[in-house]
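# Report on the structure
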Amino acid sequence: MELVNDGSSTSSLAVFDAQDLLVQMAFHRVPSVRTAAIYAMGTLIEELTQLGDGPGVLTIVQKTERQIYALLLQAAADGSPMVRCEVVRVISSAVFASYMPQAIEAVSRTVGEELHWRAPTAT
């Protein structure tokens, strides 16, 4: 499902419909269905940022993210290793995406300082 921000409230409704379905799937009796739901939640988290940052949209995005992360924390204790593995992948992917600019800046600053420190001096 692709979320499209066309300026209408239809996009926001699509998020809630998808989220409700994913919550139901996350508690399914078959582990592969639960795993697929967790994978889809990760995709939904990635797509939420594309809805924009309008006043109402930001509130919906934050609420949806909180609900998905709460469900992911519950799924982390699932009896299936396949489900738990997917939870780890989704959370790590979200953290990596959120902090990528800071990580790049820290690495480049460290490398720059190291190169400056090791630069040969003219004697």
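Please read these numbers as outputs of a predicted model, since none were measured by experiment.

## A few points about the overall build of the chain
Check the secondary structure of the chain and you find four helices and zero strands. Secondary structure elements of the chain occur, N-terminal to C-terminal, as α-α-α-α. Within the chain, the fraction of its 123 residues that count as buried is 26%. Restricting the contact set of the chain to residue pairs at least 6 apart, pairs at least 24 apart contribute 58%. Per element, the accessible surface of the chain, about 8400 Å² overall, is 62% carbon and sulfur.

## Some words on the nonpolar core
In summary, soluble globular proteins display a tendency toward joint burial of nonpolar side chains. Judged by nonpolar contacts, the single largest core of 17 residues is most densely connected at Ile 38, Met 41, Ile 68, Leu 72 and Val 87. For this core, the elements supplying multiple residues, two or more each, are helix H1 (10-26), helix H2 (31-48), helix H3 (55-75) and helix H4 (81-118). Per-element accounting of this core gives the leading share, six residues, to H2.

## Notes on the pattern of salt bridges
As a working rule, side chains carrying opposite charge can pair if their charged atoms are close by. Under the defined criterion, the tally for this structure stands at three salt bridges. As a salt-bridge pair, Asp 78 and Arg 34 come within 2.8 Å of each other at their nearest N and O atoms. You can see Asp 78 sitting in the loop between H3 and H4 and its partner Arg 34 sitting in helix H2, a full 44 residues away along the chain. Each member of the pair Asp 78 and Arg 34 is classed as buried. Between Glu 105 and Arg 109 there is a salt bridge, with the nearest N and O atoms lying 3.8 Å from each other.

## A few points about the confidence of the model for the chain
The predicted coordinates should not be examined in detail at positions where pLDDT is low. With 78% of its residues at a pLDDT of 70 or more, the chain has an overall mean of 78. Averaged over each element, pLDDT in the chain is lowest for H1 (71) and highest for H2 (90). Low pLDDT, under 50, characterises residues 1-6; the stretch is placed with 13 contacts to residues that sit more than four places away or in other chains.

## Points about the packing of H2 against H3
The geometry of a pair of packed helices is captured by two quantities: the angle between their axes and the separation between those axes. Running from N to C, H2 and H3 point in directions that differ by 155 degrees, and their axes come no closer than 11 Å. On the basis of the axis angle, H2 is roughly antiparallel to H3. Considering the relative orientation of H2 and H3, their crossing is left-handed. In contact with Ile 38, Met 41, Leu 44, Ile 45 and Leu 48 of H2, H3 contributes Val 61, Thr 64, Glu 65, Ile 68, Tyr 69, Leu 71, Leu 72 and Ala 75. Class assignment of the residues belonging to the contact of H2 with H3 gives a composition of 11 nonpolar, one polar and one charged.

The rules behind the values
- Residues numbered from 1 in each chain as written.
- Predicted model: local features only at pLDDT ≥ 70, side-chain atom pairs only at ≥ 80, totals over all residues.
- Heavy atoms only, no water.
- Helix = DSSP H or I, 4+ residues; strand = E, 2+ residues; numbered from the N terminus.
- Buried < 20%, exposed > 50% of the residue type's maximum accessible area, 1.4 Å probe, protein only.
- Contact = heavy atoms within 4.5 Å.
- Areas by Shrake-Rupley, 256 points an atom, 1.4 Å probe, with all protein chains shown as cover.
- Core = buried A, V, L, I, M, F, W, Y, C linked by side-chain atoms within 4.5 Å.
- Salt bridge = Lys/Arg side-chain N within 4 Å of Asp/Glu carboxyl O.
- pLDDT = per-residue confidence, 0-100.
- Axes fitted to C-alpha atoms, helices over the stretch in contact; angles between N-to-C directions.
- Parallel < 35°, antiparallel > 145°, perpendicular 65-115°, else oblique.
- Left-handed = near helix turned anticlockwise from the far one by under 90°.
- Nonpolar A, V, L, I, M, F, W, Y, C, P; charged D, E, K, R; others polar.

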